[in-house]
Amino acid sequence: MPEIDVRLVDVTKRFGPDVIAVDRINLEVRDGEFFSLLGPSGCGKTTTLRMIGGFEEPTSGLIELQGQDVTWLPPYRRNVNTVFQNYALFPHLSIYENVAFGLRRRRVPDREIRNRVTEMLQLVELPGYEKRRPSQLSGGQAQRVALARALINRPAVLLLDEPLGALDLKLRKQMQVELKRIQQEVGITFIYVTHDQEEAMTMSDRIAVMSAGHYEQLGTPEELYERPTTRFVAGFLGVSNMLRATRLGEDGAYALVEVVGGSRVRVPRDRFDGRVEVEVGVRPEKIRMLASDAEVPAQLNRLPGRVAHASYMGVSTQYIVQVADQADLTVYEQNVERTVEGSIHRQGEAVTLAWMPEHTFVIRDAGAATGAEPD
Amino acid sequence: MTAIARDLAPARPRPGARQRLAAWVDRWGLAVYTVAAVAYLLMPIAVMIAFSFNEQVGKFNYQWHAFSLAAWLNPFGRPGMESAIITSLQIAFISTLVATALGTLIAVSLTRYQFPGRSATNLFIFLPMATPEIVMGASLLTLFVNTAQAPFDAIIPKGLLFPLGFNTILIAHIMFNISYVVVTVKARMAGFDRRLEEAAMDLGANEWTTFWRVTFPLIFPGILAAALLAFSLSIDDFVVTNFTSGLTNTFPIWVWGSIRNSLPVQINVVGTMIFGAAVLLVLGSTLLQRRGH
Ligand SMILES: Nc1ncnc2c1ncn2[C@@H]1O[C@H](COP(=O)(O)OP(=O)(O)OP(=O)(O)O)[C@@H](O)[C@H]1O
Ligand SMILES: [Mg+2]
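Residues numbered from 1 in each chain as written. Chains lettered and ligands numbered in written order. Predicted model: local features only at pLDDT ≥ 70, side-chain atom pairs only at ≥ 80, totals over all residues. Heavy atoms only, no water.

**A word on the overall build of chain A**
Across its full length, chain A carries 8 helices and 20 strands. Projected onto its principal axes, the C-alpha coordinates of chain A cover approximately 80 × 50 × 40 Å. Across the 375 residues of chain A, 52% fall into the buried class. In chain A, once contacts between residues fewer than 6 apart in sequence are set aside, the share between residues at least 24 apart is 66%. Surface summary for chain A: the accessible area is close to 17100 Å², and the carbon and sulfur share equals 47%. (Helix = DSSP H or I, 4+ residues; strand = E, 2+ residues; numbered from the N terminus. Buried < 20%, exposed > 50% of the residue type's maximum accessible area, 1.4 Å probe, protein only. Contact = heavy atoms within 4.5 Å. Areas by Shrake-Rupley, 256 points an atom, 1.4 Å probe, with all protein chains shown as cover.)

Encoded structure:
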């Protein structure tokens with residue numbers, strides 16, 4: 001069992017009587033983990049991070065760092081450091097003094113400071129920048145200085161609030177790789193805030209997907225993508241096809257559900273929680289599209305449909321397939337067998353959609369079966 | 001008007017006098033205006049400096065006689081003048097120091113914290129600036145005189161606020177200076193990024209260290225500007241000082257007192273010195289700020 005670095009117990013933050021920025025969050029972040037808080041604007045990511053950093057006091061709840069209750073400690077008495085979204089480098093100090101700031105506060109001897117600053121600037125690939133001022137740096141360089149300034153203190157946890165938000169796409173991708181490398185090199189726990197799902201997916205060990213002050217689901221990127229348990233997560237991470245479903249019975253390790261047009265599909269039984277009216281989903285790239293009269297292996301789920309629309313996207317083709325004149329399903333097909341002349345499947349063509357039962361996920365949030373329009 | 005004139009010009013064989021005038025104004029108007037405005041501003045100062053080199057003939061330095069360095073060689077050579085200047089400098093110095101310290105703290109807390117009465121404080125801070133000086137002077141006089149009467153005379157030590165003198169001038173100057181300092185420093189605080197302070201605390205600096213290492217250096221130009229303003233307001237204040245000075249002379253009070261029977265050249269000399277010092281201070285602070293950025 002890995003050690004818990006950060007623990008949030010029932011943490012709530014209100015601003016005034018009306019705004020609940022964070023609503024009873026419980027989190028455990030493990031030692032050495034790259035943990036992301038992912039969610040749309042205004043969902044409470046920054047507020048959560050600021051409470052861990054000590055810049056905001058929770059209205060109620062408990063925050064622990066390495067087993068110590070720090071809920072009421074000021075930022076300077078917590079063994080965490082922060083990389084701010086706008087970097088917040090001290091404009092009146094040189095890069096050297098910016099990076100050395102934390103060590104000076106702890107009265108580390110000059111000689112050691114010099115060594116560690118040099119070493120840090122090497123780690124973030126900015127050697128020789130000691131004498132510059134923050135105003136003389138590019139966005140990417142400023143970002144790396146902010147990282148060095150935080151990491152030099154060897155905190156137990158590093159908090160990062162959309163650290164790449166201000167960078168252009170190319171630099172962003174480069175810095176994602178760099179950040180991940182640095183995190184693995186120093187072995188410090190990272191708590192990373194972003195609203196970019198791709199960024200969270202590629203970098204994180206685990207992600208908490210947040211919405212309106214709480215998190216909807218917490219897990220590895222793979223778990224979240226392959227088995228989202230709420231509509232929000234299914235829609236926020238990539239594209240999903242959702243179908244209203246009624247549970248009929250069992251079939252070995254599977255549950256049997258009825259979906260649009262009376263078709264039956266199988267879903268692994270352990271993904272159910274006992275409700276009868278649910279919503280099931282499947283990712284577009286998991287679906288295979290076959291001619292309507294083709295032989296389909298018996299273990300696959302299948303649905304008859306008609307191609308409503310096909311759009312060429314280079315590496316793949318996106319089809320919109322109408323099922324039982326009701327639901328539109330999105331299907332991605334790799335353009336491996338595509339002919340030079342055009343789509344394998346044409347508009348209006350009758351097809352059979354087939355996918356493995358294991359690729360079917362079940363939405364658990366309350367009311368899912370009522371407001372459900374397929375995406 | 002000028003644009004129309006220019007558009008029409010090619011149609012005519014030769015531009016008329018009016019068109020030429022319009023073109024000239026178009027081209028040189030701003031420059032002439034600027035030179036005239038600056039000359040207007042500098043004229044009294046130029047006269048003051050020029051007449052500091054006048055030869056003293058009779059009691060009043062109103063007419064040019066001959067070039068002389070006599071006054072410059074003996075700048076404080078008038079009875080009571082030296083002590084008045086020293087008093088002025090002392091009051092300006094102390095009131096600047098106190099008002100800058102208090103005013104800066106007020107400005108920081110007004111921009112930083114939400115507390116009951118904050119907007120009221122914001123308003124009250126403006127009042128001394130908005131009140132006519134003569135009203136303020138009169139009311140201060142009333143206040144100070146009353147401290148010598150029952151029931152206040154029982155609490156307030158004798159001689160502290162009455163009879164009037166150094167203490168009362170100082171208190172009055174600190175009071176109006178605070179307003180100017182608060183307003184000046186607040187303007188600087190408005191553009192201040194709070195996250196810099198959070199970053200400092202994040203890196204282990206407590207509130208005290210954060211203020212001295214981050215907040216103070218960053219708002220220092222504003223504080224310096226405020227201090228210069230306070231100093232210059234104090235050193236040449238007349239109205240409020242006149243009400244609160246009693247028998248003590250500051251330099252402006254002394255000038256006013258002596259002007260009734262004489263206007264010595266030395267007044268121009270000291271005026272020129274004060275002007276020179278002010279110019280040096282402003283130049284110095286500008287250079288300092290340039291280096292900081
Ligand atoms: N100081 C504050 N006073 C009042 N409301 C606040 C304050 N800070 C945040 N909020 C509110 O709390 C909610 C959560 O804000 P937060 O900054 O945590 O969102 P976020 O997830 O970081 O969003 P973004 O991606 O836009 O940065 C928002 O509705 C916001 O308006
Ligand atoms: Mg945010």
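Still to come is the rest of the account.
**Re the domain arrangement of chain B**
All names here are of chain B. Splitting chain B by domain gives domain 1 (11-70) and domain 2 (79-263). Measuring from the centre of the C-alpha atoms in domain 1 to the corresponding centre in domain 2 gives 37 Å. The interface of domain 1 with domain 2 comprises 5 residues on the first partner and 5 residues on the second. Together domain 1 and domain 2 conceal approximately 390 Å² of surface at their shared face, both sides included; 58% is due to carbon and sulfur atoms. For domain 1, the biggest contributors to the area lost against domain 2 are K59, F60 and Y62; these three give 82% of the whole. On the surface where domain 1 and domain 2 come into contact, there are 0 salt bridges. On inspection of domain 1 and its partner domain 2, the count reaches 2 residue pairs in polar contact (both at pLDDT 80 or more). Looking at the side of domain 1 that touches domain 2, its residues break down into 2 nonpolar, 2 polar and 1 charged. (Domains from an automatic or database assignment. Buried area = accessible area lost by both parts, 1.4 Å probe. Salt bridge = Lys/Arg side-chain N within 4 Å of Asp/Glu carboxyl O. Polar contact = N/O pair within 3.5 Å; in protein donor to acceptor, adjacent residues only side chain to side chain. Nonpolar A, V, L, I, M, F, W, Y, C, P; charged D, E, K, R; others polar.)

**A look at the nonpolar core**
In this structure, A:V99, A:L147, A:L151 and A:L158 are the most contacted members of the largest nonpolar core, which totals 38 residues. Looking at this core, the elements that each hand over two or more residues are α2 (95-105), α3 (110-123), α4 (139-151), β7 (157-161), α5 (169-186) and β8 (189-194) of chain A. Of all the elements, α4(A) adds the most residues to this core, at 7 residues. Those residues within four positions of A:L147 in sequence are excluded, and the remaining contacts are A:V83, A:V124, A:L158, A:L160, A:L179 and A:I182. By size, the runner-up hydrophobic cluster in this structure holds 33 residues, among which are A:F90, B:A199, B:L218 and B:A226. (Core = buried A, V, L, I, M, F, W, Y, C linked by side-chain atoms within 4.5 Å.)

**A closer look at the packing of aromatic side chains**
Residues and elements named next belong to chain B. As enumerated under the stated definition, the model contains 16 aromatic pairs over all chains in all. Ring geometry for F53 and F67: centres 5.6 Å apart, planes at 15 degrees, overall stacked. Of this pair, F53 sits in the loop between α2 (17-51) and α3 (70-73) while F67 sits in the loop between α2 and α3, placing them 14 residues apart in sequence. Residue F67 is classed as exposed on the basis of its relative accessible area, which comes to 58%. (Phe/Tyr/Trp six-rings, centres within 6.5 Å; stacked < 30°, edge-to-face > 60°.)

**Comments concerning unusual backbone geometry**
Residue and element names in this part refer to chain A. One non-glycine residue, D10, lies in positive phi territory at about 50 degrees. With respect to the helices and strands, D10 occurs in strand β1 (residues 4-15). The backbone of E125 sits at a positive phi, close to 60 degrees, despite the residue not being glycine. With respect to the helices and strands, E125 occurs in the loop between α3 and α4. Classification of E125 as partly exposed rests on a relative accessible area of 45%.

**What about the site of ligand 1?**
All names here are of chain A. Neighbouring residues of ligand 1: F15, V19, A21, P40, S41, G42, C43, G44, K45, T46, T47 and E162. Taking G42, its main chain carries an N or O atom lying 2.7 Å from an oxygen atom of ligand 1. In this structure, an oxygen atom belonging to ligand 1 sits 3.0 Å away from a main-chain N or O atom of G44. Taken by itself ligand 1 offers 630 Å² of open surface, and the protein chains cover 59% of this. Of all elements in the fold, only β2 (19-30) and α1 (45-53) reach the threshold of two or more residues within the shell around ligand 1. Here the shell around ligand 1 gets 3 residues from one element, more than from any other, and that element is α1. Considering only residue class, the shell around ligand 1 consists of 5 nonpolar, 5 polar and 2 charged. (Near = heavy atom within 4 Å.)

**Quick look at the sheet that holds strand β4 (residues 60-65) of chain A**
Residues and elements named next belong to chain A. Spatially, the 4 strands line up as an open sheet ordered β2-β1-β4-β5, and their pairing is antiparallel. At either end of the open sheet lies a strand with only one pairing partner, and these are β2 and β5 (68-69). Across the sheet, α1 lies against β1, β2 and β4, angled at about 120 degrees from β1, the strand it touches most. (Pairing = 2+ DSSP bridges. Axes fitted to C-alpha atoms, helices over the stretch in contact; angles between N-to-C directions.)

**Quick word on the pattern of salt bridges**
Residue and element names in this part refer to chain A. One pass over the full model with this rule turns up 22 salt bridges over all chains. Its salt-bridge partner being E56, residue R50 comes within 2.9 Å of it at the nearest N-O pair. Ionic contacts of the salt-bridge type, sharing partners, join the residues R7, E28 and E64 into one network.

**Looking at the interface of chain A and chain B**
Across the contact, 21 residues belong to chain A and 19 residues belong to chain B. Taken together, the two surfaces of chain A and chain B that pack against each other cover about 1800 Å², and 63% of this comes from carbon and sulfur. For the chain A face of the interface with chain B, the top three residues by lost area are A:Y76, A:H92 and A:R105, together amounting to 35%. For the pair chain A and chain B, the number of links is 1 salt bridge. For the interface between chain A and chain B, the tally reads 7 residue pairs in polar contact (both at pLDDT 80 or more). Where the side of chain A that touches chain B is concerned, the elements lending two or more residues are β6 (80-83), α2 and α4 of chain A. Its residues placed into classes, the side of chain A that touches chain B shows 11 nonpolar, 6 polar and 4 charged.

**Notes on the domain arrangement of chain A**
Residue and element names in this part refer to chain A. With domains assigned, chain A is organised as domain 1 (4-226) and domain 2 (231-363). On the side of domain 2, 10 residues touch domain 1, which itself brings 14 residues to the contact. Roughly 1100 Å² of surface becomes buried between domain 1 and domain 2 when both sides are summed, with 65% attributable to carbon and sulfur atoms. Broken down residue by residue, the surface that domain 1 buries against domain 2 is led by Q197, Y225 and E226, which jointly contribute 50%. Of the charged contacts in the structure, one is a salt bridge between E226 and K286, with a shortest N-O distance of 3.2 Å. Here domain 1 is connected to domain 2 by 3 residue pairs in polar contact (both at pLDDT 80 or more). Its residues placed into classes, the side of domain 1 that touches domain 2 shows 7 nonpolar, 5 polar and 2 charged.

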